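Each chain, written out:
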Amino acid sequence: QSALTQPASLSGSPGQSITISCTGSSRDVGNYNLVSWYQQHPGKVPRLIIYEGSKRPSGVSDRFSGSKSGNTASLTISGLQVEDEADYYCCAYAGSRKFWVFGGGTKLTVL
Amino acid sequence: QVHLVQSGAEVKKPGASVKVSCTASGYTFSGYSMNWVRQAPGQGLEWMGRINPISGGTNYAQKFQGRVTMTRDTSTSTAYMELTNLRSDDTAVYYCARDCDGGDCMDVWGKGTTVTVSS
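We now turn to the structure provided with this report. Not measured: the values here are computed from a predicted model.

Reading the values: rules and limits
- Residues numbered from 1 in each chain as written.
- Chains lettered and ligands numbered in written order.
- Predicted model: local features only at pLDDT ≥ 70, side-chain atom pairs only at ≥ 80, totals over all residues.
- Heavy atoms only, no water.
- Disulfide = S-S within 2.5 Å.
- Helix = DSSP H or I, 4+ residues; strand = E, 2+ residues; numbered from the N terminus.
- Buried < 20%, exposed > 50% of the residue type's maximum accessible area, 1.4 Å probe, protein only.
- Contact = heavy atoms within 4.5 Å.
- Buried area = accessible area lost by both parts, 1.4 Å probe.
- Polar contact = N/O pair within 3.5 Å; in protein donor to acceptor, adjacent residues only side chain to side chain.
- Nonpolar A, V, L, I, M, F, W, Y, C, P; charged D, E, K, R; others polar.
- Pairing = 2+ DSSP bridges.
- Axes fitted to C-alpha atoms, helices over the stretch in contact; angles between N-to-C directions.

### Quick look at the state of the cysteines
Throughout this description, disulfide means a covalent bond between two cysteine sulfur atoms.
All names here are of chain A.
Logical step 1: For the structure on display, the rule yields three disulfides over all chains.
Logical step 2: In this model, Cys22 is linked to Cys90 through a disulfide, with the two sulfur atoms separated by 2.1 Å. Across the disulfide from Cys22 to Cys90, rotation about the S-S bond amounts to roughly 80°, and the bridge is consequently right-handed. Here the residue Cys22 occupies a position in strand 2 (residues 18–23), and Cys90 occupies one in strand 7 (residues 86–93), the gap between them amounting to 68 residues. Grouping residues by exposure puts Cys22 and Cys90 together as buried.

### A few points about the interface of chain B and chain A
Logical step 1: Across the contact, 21 residues belong to chain B and 19 residues belong to chain A.
Logical step 2: Carbon and sulfur atoms make up 64% of the surface buried where chain B meets chain A, a total of about 1600 Å² over both sides.
Logical step 3: Counting the surface chain B buries against chain A, the share from its top three residues, B:Leu45, B:Trp47 and B:Asp104, is 39%.
Logical step 4: Summed over the shared surface of chain B and chain A, the result is four residue pairs in polar contact (both at pLDDT 80 or more).
Logical step 5: Going through the elements one at a time, strand 4 (34–39), strand 5 (45–51), strand 6 (58–60) and strand 10 (106–109) of chain B are the ones with two or more residues in the side of chain B that touches chain A.
Logical step 6: Among the elements that take part in the side of chain B that touches chain A, strand 5 of chain B stands out by supplying four residues, more than any other.
Logical step 7: Grouping the constituent residues of the side of chain B that touches chain A by class yields nine nonpolar, seven polar and five charged.

### Quick word on the sheet that holds strand 8 (residues 78–83) of chain B
Residue and element names in this part refer to chain B.
Logical step 1: Strand order in the open sheet formed by four strands is 1-3-8-7, with antiparallel pairing between adjacent strands. Lying at the two open borders of the sheet, with one neighbouring strand each, are strand 1 (3–6) and strand 7 (68–73). Strand after strand, the sheet turns through a mean of 20° between neighbouring axes, direction not considered.
Logical step 2: With six bridges joining them, strand 7 and strand 8 adopt antiparallel strand pairing.

### Some details on the side chain of B:Arg67
All names here are of chain B.
Logical step 1: By the element assignment, Arg67 lies in the loop between strand 6 and strand 7.
Logical step 2: On the accessibility criterion, Arg67 (10% relative accessible area) is buried.
Logical step 3: Those residues in contact with Arg67, other than ones at most four positions away along the chain, are Glu82, Leu83, Thr84, Asn85, Leu86, Arg87 and Asp90.

All we've got here are geometric facts, nothing functional implied.
Laid out in structure tokens, this is it:
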């Protein structure tokens, strides 16, 4: 059982926007602004797309955005494209003992 | 170009140990901590621990305490992850992943090492 809770699957149509939630607790998501998001296509290596809750690394499309409210972080993908079909994982800092915890992942299908 | 090159696939019997290497290039190895993350077949990502390449200090996920050891060799820019007393549910792809600049994410990942535990 993952420390962070994500919906197992979501779907959307090209051009739509979707939001993936990542619910933690006051010991991780709610206590630090250190949530990152990773995209993983089947058989591929995870790729960082959001860090510090809402920042995008160089080269990541501005269609990806992140936010946080209380103990829940969110990843929004606007203008869905077929190539956005992938698994998405949130990751949060949980203090100096547990350090990093991942969500269970969300499989995004673009119909 | 920053690269993390991992060692090849391993097949181990239950109870055995495995040691996976991760050789860094394209950046100053001592400047960034290295994380290890695993992914069982069809499952999600699981953080195992990290090592500070300067001090050698480590943080391990509680689940792996006592079974995992992370080390580094700064002369070859290589990080190692050894997992002992392997079980079938340790079958997974093991990734090394570099800390981001601020230590607040993982920005560069190795291609992964498949470890299969089977009798």
